[in-house]
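Letter by letter, the chains look like this.
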Amino acid sequence: MSVLFVEGNQAVAMGALYAGCRFFASYPITPASTLLAAMLEMLPAAGGIAIQGEDEIASIGYCLGASMAGMKALTASSGPGLSLYSENISFAIAGEIPLVIVDIMRQGPSTGAATRGADGDVQFMRWGCSGGLPVIVLAPTDVRDCFTLTVHAFNLAEQLRCPVFLASNKEIGMTRETLDMRAVEKPPVIDRALHSSGPFLPFAVKGDQDVPAFLPIGGAIPVRQTSSTHGPDGYITTDPSVIQAGLERLQRKIESKQKSFSFFDLEPRENAHTLIVAYGITARAARAAAAELLRGHSTPTSLLVLKTLWPVPEEALRTAAEDIERVLVLEMNLGQYVHEVRRVLCNARVDFYGKMSGQLITPREIVTEVLRG
Amino acid sequence: MDLGADEVVIVSDIGCSGLFDTFFDTHALHGLHGRALTYAAGIKLACPHLKVVVTMGDGGLGIGAAHLLAACRRNLDLTLLVLNNFNFGMTGGQFSCTTPEDASVTSGFLNILEKPMDVCSVAANSGAPFAARCSVFRKDLPDLLIEAISFDGFSLVDIWSLCPARYGKRNPLSPRNIDAAINRLPPYEGPVSANARREYGSHYREQRDKTSATVELRGTEVVFEPSIEARREVVLLGTAGERVISAGSLLASAAISAGMHVTQKNDYDITVMRGPSVTELIVSPEPIIYTGVEQPDVILALSQEGVNRRRDLFGTMKPEGRVILSKGVDLPVTSAQIFEVDFKTHAIKKKERALAALSLLARTKDPVTQQMLASALQHSFQGTSLESAIDVLDRTTRIPLEALNT
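Note that this is a predicted model, so its numbers are computed, not measured.

The helix and strand inventory of chain A stands at 12 helices and 16 strands. When its C-alpha atoms are laid out on the principal axes, chain A stretches across 65 × 45 × 40 Å. Counting only residues that meet the buried cut, chain A has 64% of its 373 residues in that class. Here chain A carries 32 positive and 38 negative side-chain charges, and the mean point of each set is 3 Å from the other.

Structure (C-alpha cells):
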C-alpha cells in the first residue's frame, strides 16, 4: 500500500489534472507558489501549458483566453493577488467564461504576513468584483477535500460557465498530510456543453435553460466574446429589457442549482445546546472540540462544516439550527461569514468567535467558548 | 492573405478602437482595458493555428504597458496594431502616454509635464523582433499589415491617426504633419534584426515535448508496524539553511512507512536562508483531526534562533516529554526530560545536526525506530546525498547512550 504525503496545494494540482485542466497561469505569491511549482512540473508532462505571468492580471487574462479557446484553466493566488484579479473576475462572470480560481488565504490586510494563514477573503471572493453577481466558492478542510472539491469546482465551472473559487488557507495549502488516494472521492469529470446544430448565438439559451452552449474561439464557427453588456448575439445592447433579462439569467443559472452543490458535513448530536458552524482549517479544530466537549464535559455539541460557502447553503443552515439554542460561528478573521449566518438564521442567537492573528483557532479555545455560552 | 473567418481572432481593447472587433466577422474577444495582449496570449497558446490580431489604442497601451513589455520579451506570434491618436477619445480627449507636450487636451496642463512614449523604440528595446511606425494614410498600409501579420513572432505596428471628435478639434493634425512628425523620429520599418529569435509558442512546445511523459508522485510503502499507540507532536527548532525542514520530512517518511498518519507544517520568516526554521509534525496511528501542536512530546532544540521563536512551547511539555538539546543552546524552563548532546565534540556539523538529532530520537523507538529512519533515507536520497546521510547516522551511533541522560 503506497501512501502519498502532500500539501493541500499539491492535492489541488492533482485534482485539477484529474478534472482535465491543461492550462495554468499564475504569479508567484506565498502561500500559492507551491501550487505554481506543482503545475509547472505536472502540466507540461501531461501535454498542457503552465505559464508564469508577468503579474496576476496577465495570469488570469491568459486563463480567460485559453478557456475561451476551449481549455480548462486554473489560476491561483492569495489575498493581494485576488485584489488584482477583481476586474477579470467580473469579465469571467459577464462573459460566462469557465475558470477555477484558488485563493490560498493569508494574513492581511494588504501585504500582511505571507507565511501565516487567515480567512480574510471569504466575503471578498463573493463581493470583490463590480456588478455583484453570484459566484461559487468551495472551501476545503484538508488534502482530501483539496482534491475532491477541485474536481467539483471544474465540473461546476464547465456546467454553469462561470468562475468558481476554492477558498483555501496557508494552513491547508502548505501543510503536508498523508493521503491515501484509494480513499479519496473522485467525482466523474464533466465538460462544457457544446453547441451542436442551428445558427450559433454565443449567449443564447434554449428553452428554459440558463447556460449558453459553448463553441471555442478557434473553431470552425466564428465566436464573439465581450466584456460589454451584450445581447444573445454577443454585440453591445442598450435595450433595458434585454439587459435585465440577461443579468437575471446570470444570477439564476447559479442560484437555481445551488442545492446540487451545497457541500457540507453535518454532525448533529442529541440534546445539543450549541451548533458550531465552521469552514476550512478551523472546521478541524471544531471537530476535535466537539469530541472533547462530549467526552470531557458531557456537553453534546452539534457541528456544521460548510464546504460550499457561496451561494450560502441556507437550507443546510436552517436544518442544522433546528432545536438549537445557540449558534457559534468560528472564523480566522474578525467576523465575515457570521453575517450570512445571522442573515439566514435571523431569529436565532448567533455568536462569533475568531481571530486573525496568524494562529490557528485551537480546540481548547473552542471548548472554552462553547462552555462560556 | 486568404484567411478564412474562422482562422483569425481579433482581440480588442477598450475605447473607440475597442469597437474594432465588431467590424469583422471573425472570432473576436473584447476584453478589459489594457489587457488585450493577455487574452490574445492565452488564445494563441491554446490554439496555435489561429492568426491573432490585437488592437489597442494609445490609451490601452498606457494602462497595459507591462503586458506590452512581456509580449516583446516573450515573442509569441501575435500582431499588435496600436491605433494611436494621441488621446483618450471615448472618455472626452484626455492625454495619453503618446500625447505631445505642446498639444491641447482635456487634462488641463498635465500633458505639458510628461514626455510622450516612443512606442516602437520601447518595443524594440524590449525585444520585439518587428516594430513599424506609420501613418494611417500611408498608401501601402495593407501591405505593411500583411507583412506584420505574416511575421512569425511578435509584431507591432504603431499606426498614427486623427481623432476627429476630440484631439483633432483642438490640435492642427493632418496627414502631412503626421508624416512630418514621424520623419522627425528614428524610422521603424518592420523587422528588428537584433531581436530575431525563436517564436515562443513553438519553442514552448518543443521544450515541453522534451519533458518526461508523466509525473507520478512517489508514495511511501507501508512496511513496518507502528512503534507507538498514541499521537505524538514533534517540533524541530533550528535555523534556516540547516536542513531542519528536510529532517522533518524524513521523520514523516519514516512514520508513514509504519502506516501512521502524519501532518507537517513549517514556520519561517519571509527572509531567505536567514532566521529561524521551525517544523511541526504530528504522527499518529489514527487520522489527524487538528493540525496544531499544543503540547509537544518531543522538541529537537537545534539552535538558539529556533528556540527563541517558540519559547512558548517549552512550558507546555509534560514530564514524559523529551527535549534533545544541542549543547550551547539555552532553554526556557520545562518539565520535560532534557538530553543534551555536544554535537561539536562528535564532529557533527551544523547542517548535519537535525538528522543526527533524529537518529538519536529513533534510538528511543518513539515515535519511529532506526529501521524506519533508515528506510526513509533510502526512499528520499540517492547517490552521494544518501552516502552522506548514512555517514551522519553512523557517526551518531558513536554518541554514547549515557550522554543522553540528564
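The next point concerns the interface of chain A and chain B. With 70 residues of chain A at the interface, the matching set in chain B holds 66 residues. Buried area between chain A and chain B, summed over both chains or domains, comes out near 5,200 Å², and the portion from carbon and sulfur atoms is 58%. Here chain A and chain B share 5 salt bridges between them. For B:Lys265, the salt bridge goes to A:Glu171, with nearest N and O atoms at 3.1 Å. At the boundary of chain A with chain B, the tally comes to 27 residue pairs in polar contact (both at pLDDT 80 or more). Sort the elements by how many residues they give to the side of chain A that touches chain B and helix 3 (residues 56–68) of chain A lands first, with 8 residues.

There is a patch of nonpolar side chains on the surface, built from A:Ile236, B:Leu19, B:Phe23, B:Phe24 and B:Met90 and spanning about 490 Å² of accessible area. Summarising the element assignment, B:Met90 is placed in the loop between strand 4 (79–84) and helix 4 (119–125).

Turning our eyes to something else, we now look at the sheet that holds strand 13 (residues 301–306) of chain A. Residue and element names in this part refer to chain A. Read from one edge of the open sheet, 5 strands run 11-13-12-15-16, paired in mixed fashion. A single partner strand is all that each edge strand has here, and the edge strands are strand 11 (264–267) and strand 16 (349–354). In this sheet, neighbouring strand axes are inclined to one another by 20 degrees on average, regardless of whether the strands run parallel or antiparallel. Pairing analysis gives 6 bridges linking strand 15 (residues 326–331) to strand 16, with the strands arranged parallel. Across the sheet, residue Val327 finds its bridge partner in strand 16, namely Val350. Sheet contacts for helix 9 (residues 282–297): strand 11, strand 12 (274–279), strand 13 and strand 15; angle to strand 13, the most-contacted strand, approximately 165 degrees.

Residue and element names in this part refer to chain B. Between the first and last C-alpha of helix 11 (residues 350–363) there are 21 Å, a value that for 14 residues agrees with the 20 Å anticipated at 1.5 Å per step. Of the residues making up helix 11, those classed as buried are Glu352, Arg353, Ala354, Leu355, Ala356, Ala357, Leu358, Ser359, Leu360, Leu361 and Ala362. Buried residues in helix 11 make contact with helix 9 (244–256), strand 12 (298–301), strand 13 (322–326), strand 14 (337–341), helix 12 (370–380) and helix 13 (383–397). One or two positions beyond helix 11, positive phi appears at Lys365, with a value near 60 degrees.

Residues and elements named next belong to chain B. Applying the stated criterion across every chain, the model contains 45 salt bridges over all chains. Here Arg309 makes a salt bridge to Asp267, at a shortest N to O gap of 4.0 Å. Taken as a pair, Arg309 in helix 10 (residues 304–309) and Asp267 in strand 10 (residues 261–268) lie far apart in primary sequence, 42 residues in all. Overall, Asp267 belongs to the buried group, its relative accessible area being 11%. Among the ionic pairs, Asp391 bridges to Arg395, the shortest N-O distance being 3.1 Å. Pair noted here: Asp391 and Arg395 are both in helix 13, with a separation of 4 residues, about one helical turn. For Arg395, a relative accessible area of 15% puts it in the buried group.

Right, let's talk about the sheet that holds strand 1 (residues 8–12) of chain B for a bit. Overall, mixed pairing links the 8 strands, which are arranged 10(A)-2(B)-1(B)-3(B)-4(B)-6(B)-5(B)-7(B) in an open sheet. Looking at which strands have only one partner, the edges of the open sheet turn out to be strand 10 (224–226) of chain A together with strand 7 (189–191) of chain B. Across this sheet, the average inter-strand angle for adjacent strands is 15 degrees, counted without regard to direction. When strand 5 (residues 130–135) of chain B meets strand 6 (residues 155–160) of chain B, the two strands line up parallel, connected through 6 bridges. From the neighbouring strand, B:Ala132 faces strand 6 of chain B, where its bridge partner is B:Val157. Strand contacts of helix 7 (residues 175–184) of chain B: strand 5 and strand 6 of chain B, with the helix running at about 145 degrees to strand 5 of chain B, the strand carrying the most contacts.

Another aspect to go through is the nonpolar core. With 162 residues, the main nonpolar core has A:Phe23, A:Met39, A:Leu309, A:Val327, B:Val11, B:Leu80 and B:Phe154 as its most contacted residues. No other element matches the 10 residues that helix 6 (residues 143–160) of chain A contributes to this core. Those residues within four positions of A:Met39 in sequence are excluded, and the remaining contacts are A:Ala13, A:Ala16, A:Leu17, A:Cys21, A:Phe24, A:Pro44, A:Ala50 and A:Leu74.

Rules of the game
Residues numbered from 1 in each chain as written. Chains lettered and ligands numbered in written order. Predicted model: local features only at pLDDT ≥ 70, side-chain atom pairs only at ≥ 80, totals over all residues. Heavy atoms only, no water. Helix = DSSP H or I, 4+ residues; strand = E, 2+ residues; numbered from the N terminus. Buried < 20%, exposed > 50% of the residue type's maximum accessible area, 1.4 Å probe, protein only. Lys, Arg positive; Asp, Glu negative; His and termini not counted. Charge placed at Lys NZ, Arg CZ, Asp CG, Glu CD. Contact = heavy atoms within 4.5 Å. Buried area = accessible area lost by both parts, 1.4 Å probe. Salt bridge = Lys/Arg side-chain N within 4 Å of Asp/Glu carboxyl O. Polar contact = N/O pair within 3.5 Å; in protein donor to acceptor, adjacent residues only side chain to side chain. Patch = residues over 30% accessible without salt bridge, like charges linked within 9 Å, V, L, I, M, F, W, Y side chains within 5 Å. Areas by Shrake-Rupley, 256 points an atom, 1.4 Å probe, with all protein chains shown as cover. Pairing = 2+ DSSP bridges. Axes fitted to C-alpha atoms, helices over the stretch in contact; angles between N-to-C directions. Expected span 1.5 Å × (residues − 1). Core = buried A, V, L, I, M, F, W, Y, C linked by side-chain atoms within 4.5 Å.

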